[in-house]
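Residue-level structural notes
Here's the letter readout for the chains.
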Amino acid sequence: MSNQLKANSLSFFESIIMGVAGSAPGFSIAVAIAGLLSTAGMVAPNALLIFAVPMLGVAVAYKGLSAKMANAGAAYEWTKSVFGGFLGYFSGWALLVAAMVFMVTGSVPLGTATIDLFDPNLASNVWLTTGIGAVWFIAIGVVLITGIELTSKIQVVMSTIELGILFIISIAAFVHASGHVVNPFSWSWFGFNYPAGSFAPAALATVFLYWGWDVTANLAEETKGQHYNAAGQGGFLSIFATIASFIAFTVAALLIFSLKDSTGFSDNLIYHVAVESGLGKTGGYAASLVLILSSVATLETTMLQFSRTLFAMGRDHALPPYFGQVHEKTITPVRTMYLLLAVGLVVILISSFQPSVSTILADSVSAIAVQVCYYYGLAGLVCAWVYKDSIKTSLWDFVHYVLFPAASAFALFGLGLYALTTFNLTVKIVGIGGLVIGILFYRPSGYGKRVSDILAEE
């Protein structure tokens, strides 16, 4: 088996689509915007804008680092190269934990959306939703094992349909609101009048909403056009599509529903917006389809992030080198996928014992956000360090690749540290415990000997 991924498998356009699919506008709007509205209230649109700023700062960092060090390990490899193996290892480990927790966050809504197509009254059945979600999880894993090229083609079709339906529903919502507005539009929605104690929780929810676009960096070795940094540019550009989608549906929800009603639509906000906008059953079915397509898409990209990061860490001997090999026919790291499927199914099974679907989603969103704040923040500091000498040649590059990423990194670190004081026991166990467990698998000298080490000894 080889330790090289299949180069030139993804185009620049496919890289952008992967970034959009990673942030999953359909999935995020359906299951997480209601939570943001519950937390931030009428200033939820402000949260989506203001907390997009550090995300853009990190995206700039990823763009700059991808241009210099294209690697399937992305944040892991960059942090290791600049700050050493210990911080590099835990940067990669944080992504692995976040991706594993997301197996639940992404699979459960898939089960809910599938049930909605037949009998919405059964959507609150935790065992049924997690069971159907597990079946979807396995099916997606099988597709990924076949190779990145088939995966990317399926992704383009799904995301195109998803964005098209979202656009139609959002237009219908604004047309409906022009004659049946519940809350008249106000620029104060973009202000800072947050309810007491809601600023940090709103920030965490927004971090989760935007997370996922960085899959493009994990696919850098497999992306065409590295001479103009297709992977880094693709991830950066994809964020703007998700920002527009999130704000459009958040404003639409505020226009056509009372705040109390909109915060209760954590099952599928898009479904309720479509029906209320006069699209009827057809709109409802379309909304359920969006949730299915987007959930499949974001599960695919999260599984890709997990598999590529674990592959890179195995190839580098930071984790067992068994995982640092690709299949000779599909040229994909199938061993990492087998582990992901096995552990993911166990995590999904454990989640089925939670009292409700909403509890599962709320706890996993918070746990993921902590991991993301950590490894995104490290990437921002790495970029600032790598480009620190740019002040000698270009003030723009210094502001762009040093000041902006560094400020974004400190903002995310501060948010993550504050959030630790607000979590319930489940989130602390998953969010903090997930990082701590990584110590058990950390080896300062790595696993086994690298080929370069053997040659050096000879």
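Residues numbered from 1 in each chain as written. Predicted model: local features only at pLDDT ≥ 70, side-chain atom pairs only at ≥ 80, totals over all residues. Heavy atoms only, no water.

Some remarks on a nonpolar patch on the surface
Here is the rule: Exposure above 30% relative accessible area and no salt bridge define the residues that can form patches, which grow by joining like charges within 9 Å and nonpolar side chains of Val, Leu, Ile, Met, Phe, Trp and Tyr within 5 Å. Here the open area of atoms and residues is found with the Shrake-Rupley method and a 1.4 Å probe, where only the protein chains shown may cover a residue. A side-chain nitrogen of Lys or Arg and a carboxyl oxygen of Asp or Glu constitute a salt bridge if their distance falls within 4 Å. Strands are runs of DSSP state E lasting at least two residues, helices are runs of H or I lasting at least four, and both sets are numbered from the N terminus onward. With a 1.4 Å probe rolled over the protein chains alone, any residue whose accessible area is under 20% of its type maximum counts as buried; one over 50% counts as exposed, and the rest are partly exposed.
Taken together, the side chains of Phe83, Phe86, Leu87 and Trp385 define a hydrophobic patch exposed on the protein surface, amounting to about 380 Å² of accessible area. Its location among the elements puts phenylalanine 83 in helix H5 (residues 75-83). By relative accessible area, phenylalanine 83 is classed as partly exposed at 32%.

Examining the side chain of serine 28
Let me state the cut-off plainly: In this description, contact between two residues means that some pair of their heavy atoms is separated by no more than 4.5 Å.
Looking at the secondary structure, you find serine 28 in helix H2 (residues 25-40). Residue serine 28 is classed as buried on the basis of its relative accessible area, which comes to 2%. Those residues in contact with serine 28 that lie beyond four places of it in its chain are Ser23, Ile33, Leu209 and Phe246.

Quick notes on the packing of H2 against helix H8 (residues 148-177)
The condition that has to hold: Fitting a line to C-alpha atoms yields each axis, with helices limited to the stretch in contact; the angle taken between N-to-C directions then spans 0 to 180 degrees. For this classification, under 35 degrees means roughly parallel, over 145 means roughly antiparallel, 65 to 115 means roughly perpendicular, and everything else is oblique. Gly is put with the polar residues, along with every residue not named as nonpolar or charged; the nonpolar set is Ala, Val, Leu, Ile, Met, Phe, Trp, Tyr, Cys and Pro, and the charged set is Asp, Glu, Lys and Arg.
Where H2 contacts H8, the two axes come as close as 9 Å, and the packing angle between them is 50 degrees. Relative to H8, the element H2 is oriented oblique. Seen from H2, the contacting residues are Pro25, Gly26 and Ile29; seen from H8, they are Glu162, Leu163 and Leu166. Tallied by class, the residues present in the contact of H2 with H8 amount to four nonpolar, one polar and one charged.

Notes on the packing of aromatic side chains
Stated precisely, the cut-off is as follows: Classification of ring pairs uses Phe, Tyr and Trp, with its six-membered ring standing for Trp, and accepts pairs whose centres are within 6.5 Å; under 30 degrees between planes counts as stacked, over 60 as edge-to-face, and the remaining range as tilted.
Applying the stated criterion across every chain, the model contains 27 aromatic pairs. Ring centres of phenylalanine 27 and phenylalanine 102 lie 5.6 Å apart, and the angle between their planes is 75 degrees; on these two criteria the pair is classed as edge-to-face. Of this pair, phenylalanine 27 sits in helix H2 while phenylalanine 102 sits in helix H6 (residues 85-116), and the two are 75 residues apart along the sequence. With relative accessibility at 1%, the residue phenylalanine 27 sits in the buried group. Classification of phenylalanine 102 by relative accessible area gives buried; the value is 2%. Taking the centre distance of 6.5 Å and the plane angle of 50 degrees together, the rings of phenylalanine 192 and tyrosine 194 count as tilted. Of the residues examined, phenylalanine 192 reaches a relative accessible area of 56% and is grouped as exposed. Ring pairs connect the aromatic residues Phe86, Tyr89, Phe90, Trp93, Phe441 and Tyr442, which therefore count as one cluster.

Notes on H6
Formally: Multiplying one less than the number of residues by 1.5 Å gives the expected span of a helix. Think of it this way: the bend at a residue is just the angle between two axes, each fitted to seven residues, one set ending at that residue and the other starting at it.
Here H6 is 32 residues long and its end C-alpha atoms lie 47 Å apart, about the 46 Å a rise of 1.5 Å per residue gives. Remark: the principal bend of H6, roughly 30 degrees, maps to phenylalanine 102. The buried fraction of H6 is high, at 29 of 32 residues.

Points about the environment of alanine 419
Tracing the chain through its elements places alanine 419 in helix H16 (residues 395-419). A relative accessible area of 1% places alanine 419 in the buried class. Separated by 50 residues in the primary sequence, alanine 419 and alanine 369 have C-alpha atoms spaced 9.3 Å apart.

Remarks on empty space enclosed by the protein
Worth spelling out the cut-off: Buried and open spaces are told apart on a 1 Å grid over the protein atoms alone, a cavity being a set of points where a 1.4 Å probe fits but cannot get out and a pocket being an open set with protein on both sides within 12 Å along at least five of seven lines. Residues with an atom within 4 Å of a point are the lining residues. Grid points are joined across faces, edges and corners, and a volume is the space filled by probe spheres set on the points.
This model, assessed by the stated rule, comprises one cavity of 30 Å³ or more. Of the voids in this model, the largest cavity is the one considered here, and its volume is about 60 Å³. Around the largest cavity, the lining residues are Gly22, Ser23, Ala24, Phe27, Ser28, Phe102, Phe208, Leu209, Trp211, Gly212, Thr298 and Thr302. Those elements that provide at least two residues to the lining of the largest cavity are helix H1 (12-23), H2, helix H9 (199-210) and helix H13 (269-315). Split by residue class, the lining of the largest cavity holds six nonpolar, six polar and no charged.

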